[in-house]
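# Coordinate inspection notes
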Amino acid sequence: MTRPVPADDAVGEVFAALADPTRRAVLRSVADDGPCTATELATRIPVTRQAIAKHLAVLQSAGLVATARAGREQQFSVTPGPLLDAGAWLTRTGTAWDDRLDRLQRLAHDRSRPRAASDGG
Amino acid sequence: MAPEITRQVTLDIDPEAAWDLLTRPEDLEGWLGDEVVLDPTPGAAGSVRDHDGTERRLVVEEVDHGQRLSWRWWIEGGDGVASRVEITVAPSDAGALVTVIERPLPRSLDRTAVARAQVVPLAAADAWSNRLLHLEAMLLLVAARG
């Protein structure tokens, strides 16, 4: 049984897809050079067409590329939405920890002052 | 390698006092959230309510007393992404060095066999690679928009 997936639920999948350097090279090539087929990508990236196709399948599963029919092959193009979601997660999570750790540091500082005073006196 | 948020802060208290701030209920509500239920015991369920009302559910994963605490958490009824938080405490010249790492969990990768075969071990993360990954993601965005 499948269920609708909230947009942010895909963030972990996007990051996992981007964690592989070859896969990033594939995505970057699609982004730089526009819509292209797995065969075309195999001429630009030093891995087999079969490997390219597997990377594209993972990128497509993460929503990072979309396909359109081009003759007998499929043509891939970048869909930036999931990248925006992933970037937003990084920014939101980093900001939240900046705030929390700022409070933690102030709390610790408040605790350290009485101790320093008692140590000195 | 994997994307993650890494933050470090030095506290001017000793590591034992820092551990108390990170694990005692009355102290956790001074920095982690407005209402915090966090029992530093592996498997313990808890919750964190933020100032803005956002509520996260959590499950404590690992506790290495005085040194390391980790949990999984997710926003209750919210945007869906689950992540893992790991906090470590180490002595430093100034007192205690606290390091926080939060990384999203690729839950949805379990949905398909093709994806499962391609899962990258997230435990092998390092901060430098993550900075490169973040930069790469931003470059890809620029390229995709152009």
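An account of the accompanying structure is given in this report. Keep in mind that this is a model prediction, so the values were computed, not measured.

### Describing the overall build of chain A
Helix and strand counts for chain A stand at five helices and three strands. In chain A, the order of α-helices and β-strands from amino to carboxyl end is α-α-β-α-α-β-β-α. A total of 121 residues make up chain A; the buried ones form 42% of that total. Of all intrachain contacts in chain A linking residues separated by at least 6 positions in sequence, the fraction that spans at least 24 positions is 52%. As displayed, chain A offers around 6000 Å² of accessible surface, 53% of which is attributable to carbon and sulfur atoms.

### Structural notes on the pattern of salt bridges
Residue and element names in this part refer to chain B. Evaluation of the coordinates by the stated rule reveals 20 salt bridges over all chains. Of the charged contacts, one joins glutamate 4 and arginine 103 as a salt bridge, the two residues approaching to 2.6 Å between their closest N and O atoms. With glutamate 4 in the segment before strand S1 (5-11) and arginine 103 in strand S7 (residues 95-104), the pair connects residues that are 99 residues apart, well separated along the chain. By relative accessible area, which is 14% here, arginine 103 ends up buried. Here arginine 68 and glutamate 62 are joined by a salt bridge, their closest N and O atoms 3.4 Å apart. Judged by its relative accessible area of 24%, arginine 68 falls in the partly exposed class.

So, how was this worked out
Residues numbered from 1 in each chain as written. Chains lettered and ligands numbered in written order. Predicted model: local features only at pLDDT ≥ 70, side-chain atom pairs only at ≥ 80, totals over all residues. Heavy atoms only, no water. Helix = DSSP H or I, 4+ residues; strand = E, 2+ residues; numbered from the N terminus. Buried < 20%, exposed > 50% of the residue type's maximum accessible area, 1.4 Å probe, protein only. Contact = heavy atoms within 4.5 Å. Areas by Shrake-Rupley, 256 points an atom, 1.4 Å probe, with all protein chains shown as cover. Salt bridge = Lys/Arg side-chain N within 4 Å of Asp/Glu carboxyl O.

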